[in-house]
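Secondary and tertiary structure notes
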Amino acid sequence: MKKILLAGAVALFGLSNAQIAKGTTYVSGQLGYSQNENNNTDTKIESFKVLPTVGYFVNTNLAVGLGVGYKNDNTKVTKEETIGTSKFVGENKNTTSAFVVAPFVRKYWTIGEKLYIFGQLEVPMEFGQYKNEVEGTETVGTTVTKRSTSTKDNYTSIGVNVKPGLDYFLNKNWSIEATFGEFGYNTNKVNIDGAKRVNDYKFGLNLSSVTFGVKYVFAK
């Protein structure tokens, strides 16, 4: 049994001297789009995000970096309602768009020659806008009235998150990384008088929402 455990340890950690050198630079990022349509509720949700990132190793296996990008979320609800002789047909559209800045620190631990585990501490910030638009028509008998309203509110958001992950180097320049779970805190507030902060806490590993990414390393 001892020989088996020793052989396993050698196989897993025998190449653990591999390290990422100080002065190494890499580029990566996030690019995502999703769409959901629910015909039962006449609701359509679209989400888009792009966040390129740059990292620099200030010490062996320790990198600092910055992500700068943009996000946009749209929710459209089509509504048709009849009350007595009054009929309303319209569309309610909610849009959230934001400029995103995310500085981070990432620490690597070597598992094998090409495989690393990492922990990333990041401070994501959003500077954006909530927009609500309602357009429709109301028909009462033979009288048709058009409705159109629009409101805009700016907001700011800041968080502190820790993300664990794995990084596998295909060669000296390309690697595939995966993050699984998130631990952290986020707070946001609409920039209007009387608005209160909304706080969000996340703690736990979520293996059902593993995210993958590709990274290019300017190897020394």
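Everything here concerns the structure above.
Residues numbered from 1 in each chain as written. Predicted model: local features only at pLDDT ≥ 70, side-chain atom pairs only at ≥ 80, totals over all residues. Heavy atoms only, no water.

**Observations concerning the packing of aromatic side chains**
In this structure the tally under the stated criterion is nine aromatic pairs. Ring geometry for Tyr130 against Tyr155: centres 4.5 Å apart, planes inclined by 20 degrees, an arrangement best described as stacked. You can see Tyr130 sitting in strand β6 (residues 125–140) and its partner Tyr155 sitting in strand β7 (residues 143–169), a full 25 residues away along the chain. When its relative accessible area of 3% is taken as the criterion, Tyr155 is described as buried. Consider the rings of Tyr216 and Phe218, whose centres lie 5.0 Å apart with planes at 80 degrees: the pair is edge-to-face. (Phe/Tyr/Trp six-rings, centres within 6.5 Å; stacked < 30°, edge-to-face > 60°. Helix = DSSP H or I, 4+ residues; strand = E, 2+ residues; numbered from the N terminus. Buried < 20%, exposed > 50% of the residue type's maximum accessible area, 1.4 Å probe, protein only.)

**What about the pairing of strand β4 (residues 86–110)?**
Sheet analysis places strand β3 (residues 62–83) next to β4, joined by 22 bridges and oriented antiparallel. If you follow Thr82 over to β4, its bridge partner there is Lys87. Following β3, the chain reverses through two residues before pairing antiparallel with β4; Gly84 in that reversal takes a positive phi of roughly 65 degrees. Both β4 and β6 contribute to a ladder of 16 bridges, which runs antiparallel. Bridge assignment links Ser86 to a residue of β6, and that residue is Val140. In the sheet, β4 pairs with strand β5 (residues 115–122) via seven bridges, with the strands oriented antiparallel. (Pairing = 2+ DSSP bridges.)

**Description of the nonpolar core**
In terms of nonpolar packing, the biggest core is built from eleven residues, these being Ala18, Ile20, Tyr26, Phe57, Ala63, Phe104, Tyr108, Tyr116, Phe118, Phe169 and Val217. Taken together, the elements giving at least two residues each to this core come down to β4 and β5. (Core = buried A, V, L, I, M, F, W, Y, C linked by side-chain atoms within 4.5 Å.)

**Side note on the environment of Lys71**
One can find Lys71 in strand β3. Within the local environment of Lys71, its side chain forms a polar contact with the side chain of Glu126, the two groups lying 3.4 Å apart. (Polar contact = N/O pair within 3.5 Å; in protein donor to acceptor, adjacent residues only side chain to side chain.)

**Some remarks on the pattern of salt bridges**
Per the counting criterion, the structure on display carries seven salt bridges. In this structure, the salt-bridge partner of Lys163 is Glu122, at a minimum N-O distance of 3.4 Å. A residue pair is termed long-range when its members are at least 10 positions apart, and Lys163 in strand β7 and Glu122 in strand β5 qualify at 41 residues. For the salt bridge of Glu133 with Lys131, the shortest nitrogen-to-oxygen distance reads 3.8 Å. You can call Glu133 partly exposed: its relative accessible area is 22%. (Salt bridge = Lys/Arg side-chain N within 4 Å of Asp/Glu carboxyl O.)

**Section: the environment of Val190**
Along the chain, the position of Val190 falls in strand β9 (residues 183–190). Discounting residues that sit within four places of it in the chain, Val190 has contacts with Tyr130, Asp153, Asn154, Tyr155 and Ala195. (Contact = heavy atoms within 4.5 Å.)

**With respect to the layout of surface pockets**
By volume, the largest pocket is sized at about 1400 Å³. With eight residues, the top contributor of residues to the lining of the largest pocket is strand β1 (residues 25–38). Residues belonging to the lining of the largest pocket are distributed by class as follows: 16 nonpolar, 20 polar and eleven charged. By volume, the second largest pocket is sized at about 270 Å³. Lining the second largest pocket are 15 residues, and of these Gln19, Ile20, Tyr116, Phe169 and Lys172 lie nearest its centre. Within the lining of the second largest pocket, the residues separate by chemical class into eight nonpolar, three polar and four charged. (1 Å grid on protein atoms, 1.4 Å probe; cavity = no way out; pocket = protein on both sides within 12 Å on 5 of 7 lines; lining within 4 Å. Points joined across faces, edges and corners; volume = space filled by probe spheres on them. Nonpolar A, V, L, I, M, F, W, Y, C, P; charged D, E, K, R; others polar.)

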